[in-house]
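A closer look at the structure
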Number of protein chains: 2
Amino acid sequence: MNDRELGCNSGGGQFMDRGRMNQNGVVQPLLTDLYQITMAYAYWKSDKTDDQAVFDLFFRNNPFHGEFTIFAGLEECLKFLDSFHYSQSDIEYLKQTLPEGIENEFFEYLGNLTARDVTLYAIDEGTVAFPRVPIIKIEGPLIIVQLLETTLLTLVNYASLMATNAARYRMVAGKHVKLLEFGLRRAQGPDGGLSASKYSYTGGFDGTSNVLAGKLFNIPVKGTHAHAYITSFSSVGELKTRLLKHKQTGIMEDLLEHAIRHRQMLSHVLDVSTEESSEGELAAMVSYAIAFPDGFMALVDTYDVKRSGLLNFSAVALALNDLGYHALGIRIDSGDLAYLSCLAREAFEKVAERFKVPWFNKLTIVASNDINEDTILSLNEQGHKIDCFGIGTHLVTCQRQPALGCVYKLVEINGQPRIKLSQDVEKVTMPGNKSAYRLYSADGHALIDLLQKVTEPPPAVGQKVLCRHPFQESKRAYVIPSHVESLYKVYWKSGKICQQLPTLEQVREKVQISLKTLRNDHKRTLNPTPYKVAVSDNLYNFIHDLWLQNAPIGELS
Amino acid sequence: MNDRELGCNSGGGQFMDRGRMNQNGVVQPLLTDLYQITMAYAYWKSDKTDDQAVFDLFFRNNPFHGEFTIFAGLEECLKFLDSFHYSQSDIEYLKQTLPEGIENEFFEYLGNLTARDVTLYAIDEGTVAFPRVPIIKIEGPLIIVQLLETTLLTLVNYASLMATNAARYRMVAGKHVKLLEFGLRRAQGPDGGLSASKYSYTGGFDGTSNVLAGKLFNIPVKGTHAHAYITSFSSVGELKTRLLKHKQTGIMEDLLEHAIRHRQMLSHVLDVSTEESSEGELAAMVSYAIAFPDGFMALVDTYDVKRSGLLNFSAVALALNDLGYHALGIRIDSGDLAYLSCLAREAFEKVAERFKVPWFNKLTIVASNDINEDTILSLNEQGHKIDCFGIGTHLVTCQRQPALGCVYKLVEINGQPRIKLSQDVEKVTMPGNKSAYRLYSADGHALIDLLQKVTEPPPAVGQKVLCRHPFQESKRAYVIPSHVESLYKVYWKSGKICQQLPTLEQVREKVQISLKTLRNDHKRTLNPTPYKVAVSDNLYNFIHDLWLQNAPIGELS
């Protein structure tokens, strides 16, 4: 891999593997909103360089009308911290861009700034997360911590949204159906496409069509051919090669001849006239089978699935069988997928029986036209014979909710809590430096997430904890946890990544393990039960005292 | 700019300026679907290396329930062609990824492949485009032209969607309201954010908050501060500096003292008690004003716009005025934007009059909370005093339709037309190598886009042309154009970019000029009139003959 392929940041801290991917070169300190830098100057100018701040990164609502979110993007955040540094050309650009009169000392200060003094706590990547429980907590000097905001949000927002979307598709498709991400061409920018491939794999997909994602992230890549391949042939006369070596004997044989012979017989078995079916399609499939005799997977809907595609595919697959090869299956990219997949499966069963090729029963049927969560649910209801979905647009653009809406809020400065009030109670921030725990029942299910002040002792197994709704006074519950999980780990401190980072594969497993701890009613598609997020009694009182202290008292006259 | 900042492709052909931006390093030949490469092998294996193909890149529907689309992304496509080359590590990766048994000669072939033999025709970037009229047409050897598909689609789809979205916001906001793109944190990946900034500027926005976009594309960047800045101060006691130099006299004065004095008087003028308003907010604004005395723009909704923000802002702005500086304005980021903006304008008018500061009337009011096209329309109806909108999530994610859906279809091979049939008439492709013309009326409005076979003579000014609906036999019209525009230019040929590429600024102007040629009824938000796209009589017959030739005849029994 060279620099051309991905602009590269210098790799890693203590736990950064050598083999780990470099970050996309556009992830750099200037990938931020200008106001972060104007604020940095105003802080600097106000002599707040040594102020210590705590920020929470969290979301307020789960996406897709669901009741859970998968946290992803952490590794990218850590790489960003690791490489955080304004280049000389960044500084030059800022000098031109910021208003005149800014002291040179400020630019020197920026030029020397790193994330060394920052401490980052986070939930593990791939874990189920819930509204208002910070997924990342960052402590450190106000200026640098503020400067990280936009980039961290950018890295977490789409990654988590995508992983969550993919996990939802996985849930509705079931464990045994393969899911492939086919969305690159519809993604929001080239890097949007790469992130989509990566985080859909994290969320539970089996692979992608995106070759660069395969190369960069070591994800399985899949793909066969497009309609253009089929339409590029119009007759068997165009075939310049018809010969294929027999897998066992090594003798060259005429694959087309075999295919034409089978096609004749198949036309009776499948009750389709050979004249109706496309000769160009036959030629295309023969040529494709010669190229990939062990990996023959063909698109059957270019002309007509029933009257052309299935006949030609079966003829070529049987021809391959004569030469010792097993075809893989078909892809259907249009039409009524439930009906066509059943039709195809029925055809394969007939062929299996009549031609004594039992493996024909197991041919893979891939479907790939405009599929979303609802389509899969509806196909499940109708009954279908699809083994694999290729999903593009709706997956990668997260059509149902194209942004997660994570925010980054100041909660403490120099040991003093800060609260951001709002007319909208949901938007009031939870002040102060907090710990987060997940309390589990005896059967291993997550019961509740509990936020406390960091100074409080953690909840203990077998002991009753009073859990309170953060804003509704009367909503309270005693919880006796069978297991208590402290949600935060220190991931970055003193300029180093301080946890062994999991591989993408491990994060992907984590997603499924973490989802298993959730009760099914939290995960169902229709009207899922909200998972409870609570605060300790101590934190409850702290929040509400501070709220009253900060909210202006109106005057009516 | 160094390599770290953006992985760089070697810059350009004849017309590629030295100063022009490098492309994001992830834009490379492997940024594609695997099936392009498996198809390439199958074509190669079938000895189709010298086949000549023509592909059309087009969309089938305008986005956002509109009747026009802005074409964008062309420059990126040309850069991609210019740098198209598989690196050694790409080839190694493909060897591992493709099935075994692929001849080494194929990998050598790939290793030597460039886009030299490709010819690319396109509509000008920034031009209004319509469904089914190809925006790009590519001719060349089948294999390379097929290999370009996914990457070109990725580069055009989101760029055009974004530019169209931005142009729509510009239309509803009117000419005089400023529009800023604030979406980086909600964008789909870091590069999604950069594309959003670039193409929203193209579509008619005035600037972005994204600093890297500013640096890379030379777009104006804007921004002030966040709520965190305000909440980081809790009392005036925290101000370590209160002094600011008088702009004219150069004497240091205590800005806080001035502000407190004005605040007292303002509390009567604005009918707000100073005790209700936040002291922390006052401190934050004073410190921010000291940092940016000539660029003081403050967020006024952290606590309460009416009871705190406007009072504190006005106090600090008047204090600045005492020292010879003019404040810029305020930003409102929550609440009822119509009401609050009117309230703010009213307050400013009162202050202007009572304090004899007429420029207070002209203070800028920026609004920035969850704004979309409908919000702006509704604000327009209600009446508002907003001068500038900062727009994030809905703009960059294109919430209403997150993908454009461009496709890339084979229309001719070795001089033979190809048609892709579909049950869905809308999805039938227009076969053959075509020219496209836009016919204008005497008053300068675009009347119709007309596709013809390339062999037909172009329509002539003042001469009657029969324009036919491509699929509905009876829909025909004679058009006598006052001006005929040939839509395609050759942009890439013989390995070189062969047009002087416009700057981003020029593309941005082109958008507005091109939109002006559209009648208003095509552009209106509610039920716009569809713009007509037609085919020549010759092309009509050609399409329908080919269609009948290719569609299988069913048999009922």
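Residues numbered from 1 in each chain as written. Chains lettered and ligands numbered in written order. Predicted model: local features only at pLDDT ≥ 70, side-chain atom pairs only at ≥ 80, totals over all residues. Heavy atoms only, no water.

Quick notes on the overall build of chain A
- Scanning chain A from terminus to terminus reveals 18 helices and 23 strands.
- For chain A, the C-alpha atoms occupy an extent of roughly 90 × 55 × 50 Å along the three principal directions.
- Across the 557 residues in chain A, those meeting the buried criterion constitute 66%.
- By sequence separation, contacts in chain A at least 24 residues apart represent 74% of the contacts at least 6 residues apart.
- Carbon and sulfur atoms form 48% of the exposed surface of chain A, whose accessible area is close to 20,400 Å².
- Side chains of chain A give 57 positive and 63 negative charges; the mean places of these two sets differ by 5 Å. (Helix = DSSP H or I, 4+ residues; strand = E, 2+ residues; numbered from the N terminus. Buried < 20%, exposed > 50% of the residue type's maximum accessible area, 1.4 Å probe, protein only. Contact = heavy atoms within 4.5 Å. Areas by Shrake-Rupley, 256 points an atom, 1.4 Å probe, with all protein chains shown as cover. Lys, Arg positive; Asp, Glu negative; His and termini not counted. Charge placed at Lys NZ, Arg CZ, Asp CG, Glu CD.)

Comments concerning the sheet that holds strand β13 (residues 388–391) of chain B
Residues and elements named next belong to chain B.
- With parallel pairing, six strands are arranged side by side in an open sheet as β7-β6-β13-β12-β11-β10. Edge positions in the sheet fall to β7 (207–208) and β10 (297–299), since each of these pairs with one other strand and no more.
- Of the pairings in the sheet, the one linking strand β6 (residues 178–181) to β7 comprises two bridges and is parallel in character. Directly across from L180, in β7, lies its bridge partner G207. (Pairing = 2+ DSSP bridges.)

What to know about the interface of chain B and chain A
- The interface of chain B with chain A comprises 120 residues on the first partner and 120 residues on the second.
- In total, chain B and chain A occlude about 9,800 Å² of area from one another, counting both sides; carbon and sulfur atoms represent 57% of this.
- In this structure, the connection of chain B to chain A is made through ten salt bridges.
- Residue R418 of chain A is joined to E238 of chain B by a salt bridge in which the shortest nitrogen-to-oxygen separation is 3.8 Å.
- Connecting chain B to chain A are 43 residue pairs in polar contact (both at pLDDT 80 or more). (Buried area = accessible area lost by both parts, 1.4 Å probe. Salt bridge = Lys/Arg side-chain N within 4 Å of Asp/Glu carboxyl O. Polar contact = N/O pair within 3.5 Å; in protein donor to acceptor, adjacent residues only side chain to side chain.)

Overview of the packing of aromatic side chains
Residues and elements named next belong to chain B.
- One pass over the structure, following the stated rule, counts 41 aromatic pairs over all chains.
- Ring plane angle 10 degrees and centroid distance 5.5 Å describe the contact between F296 and F313, whose orientation is recorded as stacked. With F296 in the loop between α11 (279–291) and β10 and F313 in helix α12 (residues 305–322), the pair connects residues that are 17 residues apart, well separated along the chain. Exposure class is identical for F296 and F313. Each is buried. (Phe/Tyr/Trp six-rings, centres within 6.5 Å; stacked < 30°, edge-to-face > 60°.)

Topic: helix α4 (residues 104–111) of chain B
All names here are of chain B.
- Here α4 has its buried residues at F106, F107, Y109 and L110. The arc enclosing the buried residues of α4, seen along the axis, measures out at 155 degrees, which places them on a common side.
- Buried-residue contacts for α4 involve α1 (34–45), α3 (88–97) and α5 (142–147). (Arc of directions from axis to C-beta.)

Let's talk about the environment of V300 of chain A
Residue and element names in this part refer to chain A.
- As for its position among the elements, V300 is in the loop between β10 (297–299) and α12 (305–322).
- As a C-alpha pair, V300 and M285 span 15 residues in sequence and 9.5 Å in three-dimensional space.
- Every residue in contact with V300, bar those within four places of it in the chain, is listed here: E281, M285, V305, G309, L310, F313, I330, R331 and I332.

Regarding the pattern of salt bridges
All names here are of chain A.
- Within the structure shown, the criterion is met by 58 salt bridges over all chains.
- The closest approach of N and O atoms between R438 and D449, which form a salt bridge, is 2.7 Å. Taken together, the positions of R438 in strand β16 (residues 434–440) and D449 in strand β17 (residues 446–453) put the pair eleven residues apart, joining distant regions of the chain. Side by side, R438 and D449 carry an identical accessibility label, which is buried.

Things to note about the UniProt feature "domain: Nicotinate phosphoribosyltransferase N-terminal" (unreviewed entry) in chain A
- What UniProt calls "domain: Nicotinate phosphoribosyltransferase N-terminal" (unreviewed entry) maps, in this numbering, to residues 30–157 of chain A.
- Taken end to end, residues 30–157 of chain A is 43% helix and 16% strand, and its two terminal C-alpha atoms sit 18 Å from one another. (UniProt positions renumbered as here; feature names shortened; annotations may be inferred.)

A look at the relation of the copies chain B and chain A
- Once turned by 180 degrees and shifted 0.0 Å along the axis, chain B lies on chain A with an RMSD of 0.0 Å. The two molecules are tied by a two-fold rotation axis, judged by turn and shift.
- Taken as a fraction of all interface residues of chain B, those also at the interface in chain A reach 100%, which identifies the copy contact as same-surface. (Least-squares fit on C-alpha atoms with pLDDT ≥ 70 in both.)

Quick word on the UniProt feature "domain: Nicotinate phosphoribosyltransferase C-terminal" (unreviewed entry) in chain A
- The UniProt record annotates "domain: Nicotinate phosphoribosyltransferase C-terminal" (unreviewed entry) at residues 434–542 of chain A.
- Taken end to end, residues 434–542 of chain A is 21% helix and 36% strand, and its two terminal C-alpha atoms sit 12 Å from one another.

Section: the packing of α12 of chain B against helix α13 (residues 337–354) of chain B
All names here are of chain B.
- Taken N-terminus to C-terminus, the directions of α12 and α13 make an angle of 40 degrees; their axes are 11 Å apart at the nearest point. For the crossing formed where α12 meets α13, the hand is right-handed. For the pair α12 and α13, contact is made by V305, K306, L310, F313, S314 and L318 and by Y339, L340, L343, A344, A347, F348 and V351, respectively.
- Of the residues in the contact of α12 with α13, the class split is eleven nonpolar, one polar and one charged. (Axes fitted to C-alpha atoms, helices over the stretch in contact; angles between N-to-C directions. Left-handed = near helix turned anticlockwise from the far one by under 90°. Nonpolar A, V, L, I, M, F, W, Y, C, P; charged D, E, K, R; others polar.)

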